Amino acid sequence: MKKLYIETMGCAMNNRDSEHLIAELQNKEGYTLTQDAKEADLILINTCSVREKPERKLFSEIGQFNAIKKPQAKIGVCGCTASHLGEEIIKKAPSVSFVLGARNISKITQVIHQDKAVEVDTSFDDSTYAFSKNSNPDIKALLNISIGCDKKCTYCIVPHTRGKEISIPTTMLLDEAQKLAQKGVKELLLLGQNVNHYGIRFSNPHKPTNFTQLLRELSSIEGIERIRFTSPHPLHMDDEFLEEFARNPKICKSIHIPLQSGSTKVLREMKRGYTKEWYLNRIEKLKSLVPHVGISTDIIVAFPTETEADFQETMEVLNIVQFDTLYSFIYSPRPHTEAQKLHNPISKEEASKRLATLQSRHKEILAQKSKEEIGKIHSVLIENYRDEAPQVWSEGRSDTNRLIKIPNHVLPLGSIVPVRVAHNDGGSLIGEMLPQ
Ligand code: 5AD
Ligand code: SF4
């Protein structure tokens, strides 16, 4: 039996790509997964290049794997850094056997048999490739609805690493979702760089459609109880979409809406396509339709043109929206982006200060929000059972995406149960079962 070790960095899209890589290698090449790189015949590193740090780590990781691997074992570099560094990776690290870009993952079964293959064509079209099915899906499954990204955000390397946006045909998605439901999957997480741009371009003639329509069609599948998606773009959050989000009981009431900056001036320089007012208007509309909605966001601080006043506008939006989850980053200049050419007058100390200010205010917001959770009733999808004697509990997520533990209960995995939040145990919410 050949053994595969895989390390995955980056976003949910990369996790999905890793699932594809594993399924192809298991089903077509007879590999089994191992957690120990030392016994692997093939080591894959599925990389991220969205910020500079993980990219820098790549070469030291290759060195570490090379030092411990079996003599005949191959190392392959996949994903976004593979796309953008290409053959430079093999030049710098000759122990690497092949380089497979994020847009080319369906070629995995070819490149493992070639020596020093470099497949990084970002115009390659994987959108209708029937990947091997994940043989062992969980209660929750990831489902890619599009590949690539058509936006031109000036800070972002992704359009360069993942190429132009192409949607996956609706019939393929419905078919896949149906199969997942038959295997016991209850919750789908739809993935795309820009999910609510779905339907903009297909490889082959396709009926006119959009993301709202896709949500309606997927939610008609029996057995699929919950649908989540990431990430929608604030610009394409039209009323029709927000109304479907509110009305459709299968769509979880939690949503990731990347803000990036609260300053209209910075948003323009980032080429985000919306203003602070538009963003706040969409949030207001959403909250008026779904008052208990959970909202998460991404924010970049210290974009090169961000002044202290611009940063304060970001703080203002944070205070108005009261996000449930915040992913925040210091701007990192990336190759092949427009913003890389900008002069950056912001010192590292100032950037770190802004990040700390943002994060500490968000912590306060979270503490307040967690207090407000006490007494609320949620339906929880049970995903896990823990036995850490003398404590046993079941746990799962509310449809607003809060993790809730239910002590002293062994509940069937995949069941959806009503729970009242009893207290907050320093981070985790503790719930009690309600009669069904
Ligand atoms: N610097 C810092 N953060 C970035 N992101 C994307 N590009 C950069 C960059 N150059 C962040 C954005 C995006 C998230 C996935 O990563 O906030 O939404
Ligand atoms: Fe995901 Fe972007 Fe990182 Fe690529 S660069 S793995 S798309 S976060």
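Look up a bit, the structure's there.
Thresholds, definitions, all that
The residue numbering used here restarts from 1 in each chain and proceeds along that chain's sequence as written. Chain labels run from A onward and ligand labels from 1 onward, assigned in the order the entries are written. In view of the model being predicted, local features appear only for residues whose pLDDT reaches at least 70, and side-chain atom pairs are presented and counted only at 80 or more, with totals across whole chains, interfaces and linings using the full set of residues. Heavy atoms from the whole structure form the basis of all side-chain values; hydrogens and water molecules are not counted. Helix and strand definitions follow DSSP, with helices as H or I runs of at least four residues and strands as E runs of at least two, each counted in order from the N terminus. A radius of gyration in this sense is built from C-alpha atoms; the matching globule rule multiplies 2.2 Å by the number of residues raised to 0.38. Type-normalised accessible area, obtained with a 1.4 Å probe on protein chains alone, sets the label of each residue: buried when under 20%, exposed when over 50%, and partly exposed for intermediate values. Any two residues having at least one pair of non-hydrogen atoms within 4.5 Å are treated as being in contact. We get accessible surface area from the Shrake-Rupley algorithm with a probe of 1.4 Å; when it comes to residues, only the shown protein chains can shield them. His is not counted here, nor are the chain ends, while Lys and Arg score as positive and Asp and Glu score as negative. Charge positions are represented by NZ for Lys, CZ for Arg, CG for Asp and CD for Glu. Any two strands with at least two DSSP-identified bridges between them are counted as paired. As a rule, the C-alpha atoms of each element are fitted with a line to give its axis, helices using only the stretch in contact, and angles between N-to-C directions run from 0 to 180 degrees. Here a residue is near a molecule or strand as soon as one of its heavy atoms is found within 4 Å of it. Any pair of N or O atoms that falls within 3.5 Å is considered a polar contact. Within protein, one atom must be able to donate a hydrogen and the other to accept it, and sequence-neighbouring residues count only if both atoms are side-chain atoms. Any residue that is not Ala, Val, Leu, Ile, Met, Phe, Trp, Tyr, Cys, Pro, Asp, Glu, Lys or Arg is counted as polar, Gly included; the first ten are nonpolar and the last four charged.

Chemist: Explanation requested: the overall build of the protein chain in the structure shown.
Modeler: Scanning the protein chain from terminus to terminus reveals 13 helices and 19 strands. For a compact globule of 436 residues, the expected C-alpha radius of gyration is about 22 Å, and the protein chain comes in at 22 Å, within 12% of that figure. Seen along its three principal axes, the alpha-carbon backbone of the protein chain occupies a region of about 60 × 55 × 50 Å. Counting across all 436 residues of the protein chain, residues that qualify as buried make up 54%. Sequence-distant contacts, at least 24 apart, represent 70% of the contacts inside the protein chain between residues at least 6 apart. A total accessible area of about 19,300 Å² is found for the protein chain, and carbon and sulfur atoms account for 51% of it. Distance between charge centroids for the protein chain: 1 Å, based on 57 positive and 55 negative side chains.

Chemist: Got a minute to help me understand the sheet that holds strand E17 (residues 403-407) in this structure?
Modeler: Remark on secondary structure: sheet strands pair via backbone hydrogen bonds, oriented parallel or antiparallel. Taking strand neighbours around the barrel as the criterion, the five strands line up as E15-E16-E17-E19-E18 in a closed arrangement whose pairing is mixed. Within this sheet the neighbouring strands show an average axis-to-axis angle of 50°, counted without direction. In this sheet, strand E16 (residues 391-398) lies alongside strand E15 (residues 377-388) in antiparallel orientation, the contact comprising eight bridges. Note on E16: the bridge partner recorded for Asn384 is Glu395.

Chemist: For this particular structure, what's the right way to read the site of ligand 1?
Modeler: Surrounding ligand 1, one finds Val50, Arg51, Tyr155, Gln260, Asp298, Ile300, Phe329, Ile330, Tyr331, Ser332 and Arg334. One nitrogen or oxygen atom from the side chain of Gln260 is found 2.7 Å from an oxygen atom belonging to ligand 1. Asp298 has a polar side-chain atom sitting 2.6 Å from an oxygen atom of ligand 1. For ligand 1, the protein covers 85% of the area, taking 410 Å² as the surface of the free molecule. Those elements that provide at least two residues to the shell around ligand 1 are strand E13 (294-301) and strand E14 (325-330). Looking at the shell around ligand 1 residue by residue, the class counts come to six nonpolar, two polar and three charged.

Shape is all these values report; function is a separate question.
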